[in-house]
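Single-letter residue listing:
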Amino acid sequence: MKRLIALLMLVMFSSVTLTACNTIAGAGKDVQKAGEKVEEKAQDCKDMKC
């Protein structure tokens, strides 16, 4: 019984951890895209002397 409980806890912990990694990876991609847009706008302003 203890073995089954330990196995279930391990599975639950693993699934939560993997889900969090995917969420963080997605957030990182969103931040990266936003940074790219800021860089593009800054370059446009630099070229136009905003």
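Residues numbered from 1 in each chain as written. Predicted model: local features only at pLDDT ≥ 70, side-chain atom pairs only at ≥ 80, totals over all residues. Heavy atoms only, no water.

A. Looking closely at the overall build of the protein chain. Regarding its fold elements, the protein chain presents 1 helix and 0 strands. For the protein chain, whose C-alpha radius of gyration is 22 Å, the value lies well above the compact-globule estimate of 10 Å for 50 residues. Taking the principal axes of the C-alpha coordinates as reference, the protein chain spans close to 70 × 10 × 5 Å. Element-wise, carbon and sulfur atoms account for 69% of the exposed surface of the protein chain, whose accessible area totals about 4900 Å². Counting 8 positive and 6 negative side-chain charges, the protein chain places the centres of these two groups 13 Å from one another. (Helix = DSSP H or I, 4+ residues; strand = E, 2+ residues; numbered from the N terminus. Rg over C-alpha atoms; globule rule 2.2 N^0.38 Å. Areas by Shrake-Rupley, 256 points an atom, 1.4 Å probe, with all protein chains shown as cover. Lys, Arg positive; Asp, Glu negative; His and termini not counted. Charge placed at Lys NZ, Arg CZ, Asp CG, Glu CD.)

B. Broad picture of a nonpolar patch on the surface. Together, M1, L4, I5, L8, M9 and M12 make up a nonpolar patch on the protein surface, roughly 690 Å² of accessible area in all. In this structure L8 comes out as partly exposed when scored by relative accessible area, which is 49%. (Patch = residues over 30% accessible without salt bridge, like charges linked within 9 Å, V, L, I, M, F, W, Y side chains within 5 Å. Salt bridge = Lys/Arg side-chain N within 4 Å of Asp/Glu carboxyl O. Buried < 20%, exposed > 50% of the residue type's maximum accessible area, 1.4 Å probe, protein only.)

C. Structural view of a negative patch on the surface. The grouping of E36, E39, E40, D44 and D47 at the surface amounts to a negative patch. Considering the arrangement of structural elements, one finds E40 in helix α1 (residues 2-48). Judged by relative accessible area, which is 45%, E40 ranks as partly exposed.

D. Region of the structure containing the environment of A25. Following the sequence through the fold, A25 ends up in helix α1. Using a relative accessible area of 40% as the deciding quantity, one classes A25 as partly exposed. Taking C-alpha positions, A25 is 28 Å from A6, a pair spaced 19 residues apart along the chain.

That is the geometry; function is a separate question.
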